[in-house]
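Each chain, written out:
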Amino acid sequence: MRLNQPSRLSLHYSLILLAGLFWIWFSAVPQGTTTGGKIPAPQTGFLAPDFSLNTLQGERITLSDLRGKVVLLNIWASWCPPCRAEMPTMQKVWEEYRAQGVMVLAVNSTVQDTLTDTQNFVNDYGLTFPIPLDVSGEVTRLYQVSSLPTSFFIGADGVIREVVIGGPMSEALLRSRIEELLKEAR
Amino acid sequence: MLPILQIGPLALQTPGLMYLLGLWFGLSLAEKFAPKRSISADALYNLVFTGLIAGILGARLGYVIQYPNAFLSSPFSLVSLNPGLLDPFSGFAAALIAALVYGARQKLKIWNTLDALTPFFAVFMIGAALANAASGAAFGMETSLPWGIELWGAKRHPTQFYELGGAIAILLWLGRLSKRTDLSTGRLFLTFLALTAGARLFFEAFRGDSTLILGGIRAAQVVAWLVLAGVLWGLARINGAPK
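All of these numbers come straight from a predicted model, not from anything done at the bench.

Cut-offs applied
- Residues numbered from 1 in each chain as written.
- Chains lettered and ligands numbered in written order.
- Predicted model: local features only at pLDDT ≥ 70, side-chain atom pairs only at ≥ 80, totals over all residues.
- Helix = DSSP H or I, 4+ residues; strand = E, 2+ residues; numbered from the N terminus.
- Rg over C-alpha atoms; globule rule 2.2 N^0.38 Å.
- Buried ≥ 20, exposed ≤ 12 C-beta atoms within 10 Å, placed from the backbone.
- Contact = placed C-beta atoms within 7 Å.
- Core = buried A, V, L, I, M, F, W, Y, C linked by C-beta atoms within 7 Å.
- Axes fitted to C-alpha atoms, helices over the stretch in contact; angles between N-to-C directions.
- Parallel < 35°, antiparallel > 145°, perpendicular 65-115°, else oblique.
- Left-handed = near helix turned anticlockwise from the far one by under 90°.
- Right-handed = clockwise from strand over helix to strand, strands pointing away.
- Nonpolar A, V, L, I, M, F, W, Y, C, P; charged D, E, K, R; others polar.
- Pairing = 2+ DSSP bridges.
- pLDDT = per-residue confidence, 0-100.

(A) Summary view of the overall build of chain A. Assigned secondary structure in chain A consists of five helices and six strands. Secondary structure elements of chain A occur, N-terminal to C-terminal, as α-β-β-β-α-β-α-α-β-β-α. Relative to the compact-globule value of 16 Å for 186 residues, chain A shows a C-alpha radius of gyration of 23 Å, a clear excess of over 25%. Referenced to the eigenvectors of the C-alpha coordinate spread, the extents of chain A come out at roughly 90 × 30 × 30 Å. Among the 186 residues that make up chain A, the fraction classed as buried is 38%. Long-range pairs, those at least 24 residues apart, make up 73% of the contacts in chain A with a sequence separation of at least 6.

Printed below as a string of structure tokens:
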């Protein structure tokens, strides 16, 4: 039996759709196998790579110890204009949200800065959040930072929710992202 | 992966640049072939420009509505250049409404306009694939295949390049199709939609960032299949219609 043109076309389209359904079934994977936050990598959906650094204030800080808190990890240098521009906003947001379990970690890429400039900058701007010092450049490399500032919004589960390359970040951006992460953590 | 293109003191965000290039080349190509679809190049340019402006404003407004408190304490953020303060869904809706209103006022025929815009959409998809390749987003599942690329701590399917290849192939296919003189109105656009939905359905299987539903089925594949089904129904209808 020969099919006319419209029937042949309908048959072709039906076969395409059936093949599509088979492909959906065939390419299904167990829950949790896509991203899932198991592998540490500096990308949205992955576990934030862990590090330990000494801070400007003289303490040792380890990222994984902050699990359970919403973390804004910002990598910066004192000579970088957008980094300087966003620091007062970060200070404001930190003061407002720290009691709700938010941590701001402003890792100074000391490998491309000087300790004196960093200290002067922190004093001038009255920054009170921890400033870990990346003296060897380990964290700058680990987070594949190609431009300063680069910020990582990390959920309470330690998984990166968003990467913001460049700056300055506006206050509304910081507030909305932090509130979203706090809502998620509750 | 090249998220930043450093030219002297200038640090350009490569993904954004790829989207802009996609818009520019896409619009240029669409303008060139618009008269063939009985639409003037100027009308097409104005339509896209109106949609873009409305899309940006709508995306910001949509974001403000979702997070009013964030803007109450910092009203200057309303005019911030941060692309993170845009809501894509609101932007798309606003662009669509503005384009429909503009098209109706200019009495543009909807299927002719969509056919004329098809080269723009097809080139934009190439720009989007290049943007993902630059940022490392839309990454693949882990693989041991020899063409796997090292990305985010594992050897992965180069899904960004699969999608780039798919988008280029779709553009070339549409280029051939558009040369036909017996083409029904709307077929070019529907073919673009069918091919794009088919490509998403196929390539999504290799993605490592899929949202999973119902025991591990990839949500994007289900959406793509539904779009494909609707478009094939539309194609079957116009194929039966007089040319």
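Resuming the write-up.
(B) Geometry of the overall build of chain B. In terms of helices and strands, chain B carries eight helices and six strands. Counting from the amino terminus, helix and strand elements in chain B follow one another as β-β-α-α-α-α-α-β-β-α-α-β-β-α. In summary, chain B has a C-alpha radius of gyration of 20 Å against a globular reference of 18 Å for 243 residues, a match within 12%. For the C-alpha atoms alone, the extent of chain B along its principal axes is close to 55 × 50 × 45 Å. The contacts in chain B between residues at least 6 apart in sequence include a share of 69% that link residues at least 24 apart.

(C) Structural context of the interface of chain A and chain B. Counting from both sides, the interface comprises 35 residues of chain A and, opposite them, 38 residues of chain B. Looking at the side of chain A that touches chain B, the elements with two or more residues in it are helix 1 (5-26), strand 6 (160-165) and helix 5 (171-185) of chain A. Top element by residues in the side of chain A that touches chain B is helix 1 of chain A. It accounts for 10 residues.

(D) Local environment of the nonpolar core. Grouped together as the largest cluster of nonpolar side chains are 50 residues, with contacts concentrated most on Leu73, Val104, Ala106 and Ile178 of chain A. Those residues in contact with Ala106 of chain A that sit more than four places away from it in its chain are Asn74, Trp76, Met90, Phe129 and Ile131 of chain A. Grouped together as the second largest cluster of nonpolar side chains are 44 residues, Leu108, Met125, Ala167 and Phe189 of chain B included.

(E) The arrangement of the packing of helix 5 (residues 110-135) of chain B against helix 6 (residues 159-178) of chain B in detail. Residue and element names in this part refer to chain B. Two elements in contact, helix 5 and helix 6, have axes whose closest approach is 8 Å; the angle formed by their N-to-C orientations is 165°. The angle between helix 5 and helix 6 places the two elements in the roughly antiparallel class. Considering how the two elements wind past one another, helix 5 and helix 6 form a crossing that is left-handed. Across the interface between the two elements, Thr118, Ala122, Val123, Met125, Ile126, Ala129, Leu130, Asn132 and Ala133 of helix 5 pack against Gln160, Phe161, Glu163, Leu164, Ala167, Ile168, Ile170, Leu171 and Leu174 of helix 6.

(F) Fine view of unusual backbone geometry. Between Leu148 of chain A and Pro149 of chain A the backbone carries a cis peptide bond, its omega angle lying at -5°. A cis amide bond links Gly167 of chain A to the next residue, Pro168 of chain A, at an omega of 0°. Relative to the helices and strands, Pro168 of chain A resides in the loop between strand 6 and helix 5. Although it is not a glycine, Trp152 of chain B adopts a positive phi angle of roughly 50°.

(G) Structural context of the environment of Gly16 of chain B. Residues and elements named next belong to chain B. Considering the arrangement of structural elements, one finds Gly16 in helix 1 (residues 14-33). Look at Gly16 and you get partly exposed, because 15 C-beta atoms sit within 10 Å. Between the alpha carbons of Gly16 and Phe124 there is a distance of 12 Å; along the sequence they are 108 residues apart.

(H) How the structure looks around the pairing of strand 4 (residues 102-108) of chain A. Residues and elements named next belong to chain A. Counting buried residues in strand 4 gives seven out of seven residues, a clear majority hidden from the surface. Every second residue of strand 4 is oriented toward a common face, with Val102, Val104, Ala106 and Asn108 on one face and Met103, Leu105 and Val107 on the other, all of them buried. Considered for its hand, the β-α-β crossover made up of strand 3 (residues 70-76), helix 2 (residues 81-97) and strand 4 is right-handed.

(I) A look at the packing of helix 1 of chain B against helix 5 of chain B. All names here are of chain B. Viewed as axis vectors pointing N to C, helix 1 and helix 5 meet at an angle of 165°, and their least axial separation amounts to 7 Å. Taken as axis vectors, helix 1 and helix 5 run roughly antiparallel relative to one another. Judged by the sense of rotation from one axis to the other, the crossing of helix 1 with helix 5 is right-handed. Class assignment of the residues belonging to the contact of helix 1 with helix 5 gives a composition of 21 nonpolar, five polar and no charged.

(J) Just the sheet that holds strand 4 of chain A, in detail. All names here are of chain A. Taken in spatial order, the four strands line up as 4-3-5-6 in an open sheet, and their pairing is mixed. Either end of the sheet is taken by a strand with one partner, and the two such strands are strand 4 and strand 6. Adjacent strand axes in the sheet meet at a mean angle of 15°, parallel and antiparallel pairs treated alike. Two strands pair when backbone bridges link them, and strand 3 and strand 5 (residues 150-154) are joined in this way by five bridges, in the antiparallel orientation. The partner of Leu73 across the bridge, within strand 5, is Phe152. Contacts from helix 2 reach strand 3 and strand 4, with the element oriented near 155° to strand 4.

(K) Structural detail: the confidence of the model for chain A. Averaged over chain A, the pLDDT score is 92; the fraction of residues at 70 or greater is 97%. Averaged over each element, pLDDT in chain A is lowest for helix 1 of chain A (90) and highest for strand 3 of chain A (97).

(L) Local environment of the confidence of the model for chain B. Taken residue by residue, chain B gives an average pLDDT of 92. The fraction at 70 or more is 98%. Reported for the predicted complex are a pTM of 0.87 and an ipTM of 0.88.

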